[in-house]
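Each chain, letter by letter, is given below.
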Amino acid sequence: METALPPAADRPSLSIGPHQVWPPVVLAPMAGITNVGFRQLCREQGGGIYVCEMITTVALVERNPKTLRMIAFGADERPRSLQLYGTDPETAAAAVRIVVERDLADHIDLNFGCPVPKVTRRGGGAALPWRRRLFARLVRAAVDAASPAGVPVTVKMRKGIDDDHLTYVEAGLAAQEAGVAAVALHGRTAAQRYSGTADWDAIATLKQALDVPVLGNGDIWEADDALRMVAHTGVDGVVIGRGCLGRPWLFADLEAAFNGSPQRRLPTLGEVAVTMRRHAELLVEQFTAGARNPARGERDGCTDFRKHVAWYLKGFPVGSELRRSLAMIDSLAQLDDLLGKLDPAVPFPVETLGQPRGRINSPGKVFLPDGWLASRDDDTVPEGAELDDSGG
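Everything quoted here is computed from the prediction, not taken from an experiment.

### What to know about the packing of helix H8 (residues 200-209) against helix H9 (residues 223-233)
- Two elements in contact, H8 and H9, have axes separated by 9 Å at closest approach and are oriented at 50°. The angle between H8 and H9 falls in the class oblique. In terms of crossing hand, the pair formed by H8 and H9 is right-handed. On H9, the residues that touch Trp 200, Asp 201, Ile 203, Ala 204 and Lys 207 of H8 are Asp 225, Arg 228, Met 229, His 232 and Thr 233.

Now the structure itself:
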């Protein structure tokens, strides 16, 4: 069932600092996914902001070679959006200064939503807003470091640690006071991980509480879900994560939906194969650029593509042997041969529409540092929380 937008004059209008964003769509950073090749593929489908993989502040400050290679953008990619993870206000400020002084990005997002145990057990990610003074210090340090260059800073967070330790309204107000340009909320707690249903009512509550733009994240599997979220919550824009895995054309649907068009893409298997080939080609270009050995670049690009095969073929009647072979390619020639074995006339499996994609797990215990919940006003930087592994 399609959801209609209100008249054009009443449609959401998203501004991230000086950047006008239309359609009001943001691609969430996903480790191992949102590299420059994938982002270009998505940008070819529709407009919005496309965020690169998460960069850790300490790795950037220490000039980690892998991290510096990850900060890559297409020649025509604007605005260039970079997400930073950190727990130390001083390190975060130093990282932001590097970004602005070296003109590495046009927009900085701060990660306070990661629920992964290796992050929360050190007090980072979705655990950090509980320590409200430390959270406010870190956000303000980043904003103060970015503002002289006019680079907007945003934050992305979850509802809280669990239902007994919710922080999203208080954290949103603190971030607004610190000077952020927008706040994005994933409507789940850290304890929920990626299970259950996203709480769109919480997103609506945050939107009512803040004056800065609010973006909603969670359970947007189709373009019409985005329209429903806007209608339900009043948000200024939406954040897309798992819904685009194996479906970069979702961004074409989103652009059509926000422009008031009912047009949606249901590609045949042949059209999906063309998209798969384009995706692999872009990854090969990315890994070959600057490589001493082009053959190694092609192999690395094809290896990186393998993880996407199952998502692209979800619901299509493709045999297990062919699926397995596609997920083991080493070259574009090998990919071309295997894609040629697909039946191009097979229609899109409509039964997969609206279904979750990517990580689906059960609620779980949130691992926290000893005594983490005892004091909300302790602004001591958690020991060992500064990860040096960018990308997640």
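### Let's talk about the sheet that holds strand E7 (residues 107-112)
- With parallel pairing, nine strands are arranged side by side in an open sheet as E4-E3-E11-E10-E9-E8-E7-E6-E5. Strand pairing shows two members of the sheet lacking a second neighbour, strand E4 (49-50) and strand E5 (55-56), which therefore form its edges.
- Where strand E3 (residues 25-27) meets E4, two bridges bridge the pair, whose relative direction is parallel. Bridging across to E4, Val 26 finds its partner in Ile 49.

### Quick word on the UniProt feature "active site" (unreviewed entry) in the protein chain
- The sites that carry the UniProt feature "active site" (unreviewed entry) are, in the present numbering, Cys 114.
- In this structure, Cys 114 sits in the loop between E7 and helix H5 (117-120).
- Given a relative accessible area of 17%, Cys 114 falls into the buried group.
- Among all residues touching Cys 114, those that are not within four sequence positions of it are Val 119, Thr 120, Gly 125 and Ala 126.

### Focus on a positive patch on the surface
- Together, Lys 118, Arg 121, Arg 122 and Lys 365 make up a positively charged patch on the protein surface.
- By secondary structure assignment, the location of Arg 122 is in the loop between H5 and helix H6 (132-146).

### Quick word on a nonpolar patch on the surface
- Together, Leu 266, Val 350 and Leu 353 make up an exposed nonpolar region whose accessible area comes to about 240 Å².
- Within the fold, Leu 353 resides in the segment after helix H15 (332-339).
- Residue Leu 353 is classed as partly exposed on the basis of its relative accessible area of 31%.

### Side note on the packing of aromatic side chains
- Overall, the coordinates contain six aromatic pairs when judged by the stated rule.
- Here Trp 22 and Phe 258 contribute two aromatic rings whose centre-to-centre distance is 6.2 Å and whose plane-to-plane angle is 75°, an arrangement assigned as edge-to-face. Of this pair, Trp 22 sits in the loop between strand E2 (19-21) and E3 while Phe 258 is found in helix H10 (residues 250-258), placing the two residues 236 residues apart along the sequence.
- Here the aromatic residues Trp 249, Phe 316 and Phe 348 are joined through ring pairs into a cluster of three or more.
- The positively charged end of Arg 158 is found above the aromatic ring belonging to Tyr 194, 5.0 Å away from the centroid.
- Residue placement shows Arg 376 over the ring face of Trp 130; its charged tip is 4.2 Å from the ring centre.

### Concerning the packing of H6 against helix H7 (residues 168-178)
- Following both chains from N to C, one finds H6 and H7 inclined at 30°, their axes separated by 9 Å at the closest point. Looking at the two axes, H6 sits roughly parallel to H7. Crossing geometry of H6 relative to H7 is assigned as right-handed. Residue-level contacts link Arg 132, Phe 135, Val 139, Arg 140 and Val 143 of H6 to Glu 170, Ala 171, Ala 174, Ala 175, Glu 177 and Ala 178 of H7.
- Its residues assigned to classes, the contact of H6 with H7 comprises seven nonpolar, no polar and four charged.

Definitions and limits used
Residues numbered from 1 in each chain as written. Predicted model: local features only at pLDDT ≥ 70, side-chain atom pairs only at ≥ 80, totals over all residues. Heavy atoms only, no water. Axes fitted to C-alpha atoms, helices over the stretch in contact; angles between N-to-C directions. Helix = DSSP H or I, 4+ residues; strand = E, 2+ residues; numbered from the N terminus. Parallel < 35°, antiparallel > 145°, perpendicular 65-115°, else oblique. Left-handed = near helix turned anticlockwise from the far one by under 90°. Contact = heavy atoms within 4.5 Å. Pairing = 2+ DSSP bridges. UniProt positions renumbered as here; feature names shortened; annotations may be inferred. Buried < 20%, exposed > 50% of the residue type's maximum accessible area, 1.4 Å probe, protein only. Patch = residues over 30% accessible without salt bridge, like charges linked within 9 Å, V, L, I, M, F, W, Y side chains within 5 Å. Areas by Shrake-Rupley, 256 points an atom, 1.4 Å probe, with all protein chains shown as cover. Salt bridge = Lys/Arg side-chain N within 4 Å of Asp/Glu carboxyl O. Lys, Arg positive; Asp, Glu negative; His and termini not counted. Charge placed at Lys NZ, Arg CZ, Asp CG, Glu CD. Phe/Tyr/Trp six-rings, centres within 6.5 Å; stacked < 30°, edge-to-face > 60°. Lys NZ or Arg CZ within 6 Å of the ring centre and 35° of its normal. Nonpolar A, V, L, I, M, F, W, Y, C, P; charged D, E, K, R; others polar.

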